[in-house]
Amino acid sequence: MKSLIMGIFKRTLNLMAVMTVFCTMPFSQNVSAVDDTEVAKLPKGWLLWHTYSEYTALDSKMYLRTPDGNTEEISGDFIHAINGSFGVTPEKITFMAIDKAADEWDIYLYDNGNIKNLTQNSGFRNEDPKWSPDGKQIVFKRGYWDNSIGDFVYDLALLDINTQEVTMLTNDRAEDAMPFFSEDGKYIYFTRYVDSIGSICRMDTVTHETVDIYSENGVTAYYPIVKNQRVYFAKWYSAENHCDQMMCYDGSNIFALPFNSEQYDCSDPCPLTDDSMIYSGTANGEYDLYYYDGERSVRLTELNGEQNELGADFYSFAEYEDYLSSNAQMGDVNCDGEFNIADVVLLQKWLLAVPNAELKDWKAGDFCDDGKLNVFDLCLMRSTLLNKNN
């Protein structure tokens, strides 16, 4: 095993701050080439991604696919929407786009179809937004033009959703980008570029102490994503071969994912479980979305088109049910965090089969606790609300 690993990775690695070694991926190792004969069977859930002809064309469009298979474009008074990220629920999304009026990069909030510019007219470049685990903050990179160096300077920043107050987290000449919170909120993983070469770093959210997780001479690593206490990221195959390959850091070891290739890019990791993920790859020329199920990679043909498909994020329906169960408030059938007259009206419309009357959490309306909804639940809901208000 040791000779195999050393044969694959004959490069000098500069791994600092944590003791890491390379090992094989604990996925199935019987990985074949991309399978175009199979239809990808994604788990039930919400999928977010963007497409563009090329980055500099500023023609990106962002799409949201719901569990029932419907796909909608997220659009508004902006262009080139990219890098979307789900919040604590799939109804809340943050993304970056160029404000049409101000002609600057801004951070946007999509909330149940309503879109708000959170950094409007800031005078900065605001990019790479990702949610805090509690959904109360967004971490992102903020840039400004520095005449003394003739270039932009980028640091990490934290945005409070309620107050829209911005707190700077870093202040240096390196470009700090692509931040992502650990699931416990104690750390922020990010990419730090020095002399155009990126490395993966980790910042303590309290002390702001920063350590390197992965750094290799002449090789760029970028785009860290955290799932189930693992950090996934992309890196060049070598200093000479700039094909992206996907890596995983489990807290002790760093290993390559089994579907990588030295002949094409495997980028933008979107892990679903410990042994499955959606990613973007160029096996077919342009970037397409692929689903790796633990044994093989299958192209998501129904979503891919003639443009580049990138930046996937996924929110599983099972995860949503768990969230509703642990955060349920009786009567809150529209899941807005409150039980009020709007819930009564919604349940009544649903019972009358009014078009587009959708219950976000039907169990919150089951006041009879019999596993079904009917007029008796509606009566108890009204009575409970009246007693609550009195």
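Note that the structure is predicted; figures quoted are calculated from it, not measured.

Quick notes on the rules
Once a new chain begins, its residue numbering starts again from 1 and follows that chain's sequence as written. Confidence filtering applies because this is a predicted model: local features only for residues at pLDDT of at least 70, side-chain atom pairs given and counted only at 80 or more, and all residues used for totals across whole chains, interfaces and linings. Side-chain metrics rest on all non-hydrogen atoms present in the structure, leaving aside hydrogens and water. Two strands are said to pair when DSSP picks up at least two bridges between them. Each helix is a run of H or I in the DSSP string that is no shorter than four residues. Each strand is a run of E no shorter than two, and both are numbered from the N terminus. Angles here are taken between N-to-C directions and fall from 0 to 180 degrees, while the axes themselves are lines fitted to C-alpha atoms, restricted in helices to the stretch in contact. The criterion for an aromatic pair is that two Phe, Tyr or Trp rings (for Trp, the six-membered ring) have centres within 6.5 Å, with stacked assigned to planes under 30 degrees apart, edge-to-face to planes over 60 apart and tilted to the rest. Throughout this description, buried means an accessible area under 20% of the type-specific maximum (1.4 Å probe, protein chains only), exposed means over 50%, and partly exposed covers the range between.

1. Let's talk about the sheet that holds strand β21 (residues 266-273)
Through backbone hydrogen bonds, the strands of a sheet pair up, either in parallel or in antiparallel fashion. Taken in spatial order, the 4 strands line up as β21-β22-β23-β24 in an open sheet, and their pairing is antiparallel. Of all the strands in the sheet, the pair left with one neighbour each is β21 and β24 (297-299). For this sheet, the mean angle separating the axes of adjacent strands, direction not counted, is 25°. Two elements, strand β23 (residues 288-292) and β24, share 3 bridges in a ladder whose sense is antiparallel. Bridge assignment links Tyr-292 to a residue of β24, and that residue is Ser-297.

2. Re the packing of aromatic side chains
Inspection of every chain in the model, using the stated rule, returns 18 aromatic pairs. With centroids separated by 4.9 Å and ring planes inclined at 50°, the aromatic side chains of Phe-78 and Tyr-108 adopt a geometry described as tilted. With Phe-78 in strand β5 (residues 78-86) and Tyr-108 in strand β7 (residues 105-111), this residue pair connects regions lying 30 residues apart in the sequence. The buried category is assigned to Tyr-108, whose relative accessible area is 3%. Ring centres of Phe-339 and Phe-367 lie 6.1 Å apart, and the angle between their planes is 40°; on these two criteria the pair is classed as tilted. Here Phe-339 is found in the loop between α2 (317-326) and α3 (341-351), whereas its partner Phe-367 is found in the loop between α3 and α4 (375-389), with 28 residues between them in sequence. The exposure classification of Phe-339 matches that of Phe-367, with both residues buried.

3. Let's talk about unusual backbone geometry
The phi torsion at Asn-228 lies on the positive side, around 55°, for a residue other than glycine. For Asp-268, which is not glycine, the phi torsion reads 50° and is therefore positive. Tracing the backbone through its elements, the reader meets Asp-268 in strand β21. Asp-268 sits in the buried class, given a relative accessible area of 9%.

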